[in-house]
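Each chain, letter by letter, is given below.
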Amino acid sequence: MNEWDGNNNYNSYNYSASRPAYRNSNKTLTPIGIIFTLVGVVFLIVGIVIMNNSQKKAKACTGEAKATVIRLDEAYHEDDEGHKSKVYAPVVEYTVGGETYTEMSPVHSSPCNFTVGQTVMVHYDPADPHVMIIEGDNGTKMLYIIFIAVGGFFTLLGILFYVFGLKVKREGILL
């Protein structure tokens, strides 16, 4: 606002200086957008790598055999606050070509979807019967779905922050 001060002096009032808490917010949107986008892309890449490895393994595991869950492997998971919880992975035993294999699922979960003594189907790689997938064990699929979803969300949010930050800079909008 411009005013006369009574002594024939013209005073200019700077509106942007009156809002110091918000003045720099339009400068931070673009870097925040870049950071969110980079984090999102990293999550997307990790999710896609896990998905591709899972699909390659599924394509290679064309043999089928009945297996028995002989035990549940216990492990402990500790969260950021130091709380420990038990997680379980089924250990199965199956026979291929007269040879018996005992393998543990790479996926630990709590609660476990399997019980000791349960009969399950395994899909194994005929070239290497030690490589197997337990039918109904979807832990790896859930993992890559979560990574891809979080990565997509952060990437989209980052792009929106970046574009809005550019618009704010271009049009001189104060937030």
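Residues numbered from 1 in each chain as written. Predicted model: local features only at pLDDT ≥ 70, side-chain atom pairs only at ≥ 80, totals over all residues. Heavy atoms only, no water.

(A) Local environment of the overall build of the protein. In terms of regular secondary structure, the protein is built from 3 helices and 7 strands. Put simply, the protein runs from its N terminus to its C terminus through helices and strands in the order β-β-α-α-β-β-β-β-β-α. By residue count, 23% of the 175 residues in the protein fall in the buried class. In the structure as shown, the protein presents an accessible area of about 11,700 Å², 59% of it carried by carbon and sulfur atoms. (Helix = DSSP H or I, 4+ residues; strand = E, 2+ residues; numbered from the N terminus. Buried < 20%, exposed > 50% of the residue type's maximum accessible area, 1.4 Å probe, protein only. Areas by Shrake-Rupley, 256 points an atom, 1.4 Å probe, with all protein chains shown as cover.)

(B) Layout of the pattern of salt bridges. This structure, assessed with the given rule, holds 1 salt bridge. Lys-86 is the partner of Glu-74 in a salt bridge, and the nearest nitrogen-oxygen pair spans 3.5 Å. Residue Glu-74 is found in strand β3 (residues 63-78), and its partner Lys-86 is found in strand β4 (residues 84-96); the two are separated by 12 residues along the sequence. Lys-86 gets classed as partly exposed once you look at its relative accessible area, which sits at 32%. (Salt bridge = Lys/Arg side-chain N within 4 Å of Asp/Glu carboxyl O.)

(C) Geometry of a negative patch on the surface. Together, Glu-78, Asp-79, Asp-80 and Glu-81 give the surface a local cluster of negative charge. Mapped onto the fold, Asp-80 is located in the loop between β3 and β4. (Patch = residues over 30% accessible without salt bridge, like charges linked within 9 Å, V, L, I, M, F, W, Y side chains within 5 Å. Lys, Arg positive; Asp, Glu negative; His and termini not counted. Charge placed at Lys NZ, Arg CZ, Asp CG, Glu CD.)

(D) Quick peek at the packing of aromatic side chains. Evaluation of the coordinates by the stated rule reveals 6 aromatic pairs. Ring geometry for Phe-36 and Phe-161: centres 5.6 Å apart, planes at 70°, overall edge-to-face. In this pair, Phe-36 is assigned in helix α2 (residues 25-60) and Phe-161 in helix α3 (residues 139-171), connecting sequence segments 125 residues apart. (Phe/Tyr/Trp six-rings, centres within 6.5 Å; stacked < 30°, edge-to-face > 60°.)

(E) Spatial organisation of the confidence of the model for the protein. For the protein, mean pLDDT is 85; residues scoring 70 or higher make up 81% of the total. Predicted confidence for residues 18-22 stays below pLDDT 50, and this span has 4 contacts to residues more than four positions away or in other chains. (pLDDT = per-residue confidence, 0-100. Contact = heavy atoms within 4.5 Å.)

(F) Structural view of the pairing of β4. In this structure, β3 lies alongside β4, joined through 11 bridges in antiparallel fashion. Among the inter-strand pairings, Asp-73 is bridged to a residue of β4, identified as Ala-89. The turn joining β3 and β4, which pair antiparallel and follow one another in sequence, is formed by 5 residues; a positive phi near 90° is taken by Gly-82. Pairing of β4 with strand β5 (residues 99-104), which is carried by 6 bridges, proceeds in the antiparallel orientation. For Val-92, the partnering residue across the bridge sits in β5 and is Glu-103. If you look at the hairpin formed by β4 and β5, you'll find 2 residues sitting between the two strands, and Gly-97 has a positive phi there, around 60°. (Pairing = 2+ DSSP bridges.)

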